[in-house]
Amino acid sequence: MLTRIALGAAIILSAMPLYWMVVIASRTASDAVAVPPKLIPGSNLFSNFARAFTDENAYFLQGLTNSFIISTTVTVSVVLISTMAGFAFAKLRFRGAKVLLVSILITMMVPLQQIGVVPLYVMMVELDWVNTLQAVILPFLVNGFGIFLMRQYTEQAVPDELVESARMDGASTWRVYWSIVLPAVRPGMAVLALLTFMQNWNEFLWPLMVLQPDNPSVQVAIRGLTTNYGEDYSMVFAGTLLSIVPLIIIFIAFGRQIIGGLMEGAVKA
């Protein structure tokens, strides 16, 4: 009984920020700062959506499109490269494997984006990539955390005996990866895809630096929803609510695989 009460309280506390976002997004600008606060959703949700899309300072639709392209491209690249590299580090024996793995772990310990943001920006200027999507995509196509995660997952999910049996049957390394490794690590791929998509969808600093205001990412576009005379919280919250819709859709579509991957990893740990 106490467990159910605790779980119910945790669900309510977790859902409150989302509910409050819906309430403010569906109210007028004056209701958003009213005291006492309004606790019931209003009738202005779709009008606030329309105002967010038509705001001349935000370029919100362009931001949604750019973020979808950026996040999808980076996610596909990270998942594919991480599964291949994870398979190589977990099941293949080659010279320099430990050195390469340690180098990857070092990249996880150093905040490269904060430390390397200036030289990376200079590089983008030299390549004439400023205000282009490749400037936001290319630096993140490979992820050290993803490689380490998939290496650990492959180590546990794919028995060495299975790989050796495939080798004895004449399967090539690519065939082993495609027919044995990928089906076995699918839950881990789903978890990595969700984490990568969320990270790039929510990225703010780097797109703010390399993209122009008329070609933003969605998070920079939300920043553009502010006015020179004060915050219009109803429009800002409407834009924020729109920005999390793709994340909700992805979680609903792949929720079973994501939860299965998390639970399987927890049991193995």
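The residue numbers shown here count from 1 along each chain, following its written sequence. Local features in a predicted model are, by the rule used here, given only for residues with pLDDT of at least 70; side-chain atom pairs are given and counted only at 80 or more, and totals for whole chains, interfaces and linings are based on all residues. The side-chain figures draw on all heavy atoms in the structure; neither hydrogens nor water molecules are used.

Attention shifts here to the packing of helix α5 (residues 97-109) against helix α9 (residues 144-157). Axis angle and axis distance: for two packed helices, these are the angle between their axes and the distance between the axes, and together they describe the pair. Axes here mean lines fitted to C-alpha atoms, for a helix over just the part in contact, with angles spanning 0 to 180 degrees between N-to-C directions. Each helix is a run of DSSP H or I of at least 4 residues and each strand a run of E of at least 2, with the numbering of both proceeding from the N terminus. Running from N to C, α5 and α9 point in directions that differ by 130°, and their axes come no closer than 8 Å. Looking at the two axes, α5 sits oblique to α9. When the axes of α5 and α9 are compared, the crossing they make is left-handed. Where α5 abuts α9, its residues L101, I104, L105, T107 and M108 lie against G144, F145, I147, F148 and R151. Under this scheme an angle from 65 to 115 degrees is roughly perpendicular, one under 35 degrees roughly parallel, and one over 145 degrees roughly antiparallel; angles in between are oblique. Each helix crossing is assigned a hand: it is left-handed if the near helix lies turned anticlockwise from the far helix by less than a right angle, otherwise right-handed if that turn is clockwise. Here a residue-residue contact requires only that any non-hydrogen atoms of the pair lie within 4.5 Å.

In this structure, F145 sits in helix α9. Only protein chains enter the area calculation, which uses a 1.4 Å probe; residues under 20% of their type maximum are buried, those over 50% are exposed, and those in between are partly exposed. In this structure F145 comes out as partly exposed when scored by relative accessible area, which is 39%. Separated by 39 residues in the primary sequence, F145 and I106 place their C-alpha atoms 10 Å from one another. Residues contacting F145, with those up to four places away along its chain left out, are M108 and L195.

The subject of this paragraph is the side chain of K91. Position of K91 relative to the elements: it lies in helix α4 (residues 60-91). The class of K91 is buried, set by a relative accessible area of 11%. Any N or O atom pair separated by 3.5 Å or less is treated as a polar contact, with the protein-specific requirement of one donor-capable and one acceptor-capable atom, and with residues adjacent in sequence counted only for side-chain atom pairs. A polar atom in the side chain of K91 sits 2.6 Å from the side chain of D160. Other than its neighbours up to four places away in sequence, K91 contacts T154, E155, V158, P159, D160 and V163.

Below, the discussion takes up the confidence of the model for the chain. This prediction gives the chain a mean pLDDT of 87; 93% of its residues lie at or above 70. As a per-residue measure, pLDDT tells how confident the predictor is, with possible values from 0 to 100. When mean pLDDT is taken per element in the chain, α4 scores highest with 95 and helix α6 (residues 112-115) scores lowest with 71. The model gives residues 265-269 a pLDDT under 50, and that stretch makes two contacts with residues more than four places away or in other chains.

With an omega of 0°, the peptide bond between V35 and P36 qualifies as cis. Considering the arrangement of structural elements, one finds P36 in the loop between α2 (29-32) and α3 (45-54). The backbone phi angle of Y59 is positive, close to 50°, even though this residue is not glycine. You can see Y59 is positioned in the loop between α3 and α4. Judged by relative accessible area, Y59 falls into the partly exposed class, the value being 38%. One non-glycine residue, D128, adopts positive backbone phi at about 60°. Its location among the elements puts D128 in the loop between α7 (117-126) and α8 (134-137). Judged by relative accessible area, D128 falls into the exposed class, the value being 64%.

All right, on to helix α11 (residues 173-184) then. Since the α-helix turns once every 3.6 residues, residues separated by three or four places project in the same direction. Counted at 1.5 Å a residue, the expected span for α11 with its twelve residues is 16 Å, and the 16 Å between its end C-alpha atoms agrees. V176, Y177, I180, V181 and L182 are the residues of α11 that are buried. On its buried side, α11 packs onto α4, α9, α10 (160-168) and α12 (186-201). Expected span of a helix: the number of residues minus one, times 1.5 Å.

For salt bridges, the criterion is a side-chain nitrogen of Lys or Arg within 4 Å of an Asp or Glu carboxyl oxygen. Counted under the stated rule, the structure contains three salt bridges. The partner of D232 in a salt bridge is R51, and the shortest N-O contact between them spans 2.7 Å. In this pair, D232 is assigned in the loop between α14 (218-223) and α15 (233-268) and R51 in helix α3, connecting sequence segments 181 residues apart. Its relative accessible area of 12% is what places D232 among the buried residues. Under the relative-accessibility criterion, R51 is labelled partly exposed at 31%. With a shortest N-O distance of 2.6 Å, K91 and D160 are connected by a salt bridge. Here D160 lies in helix α10 and K91 lies in helix α4, a separation of 69 residues in the sequence.

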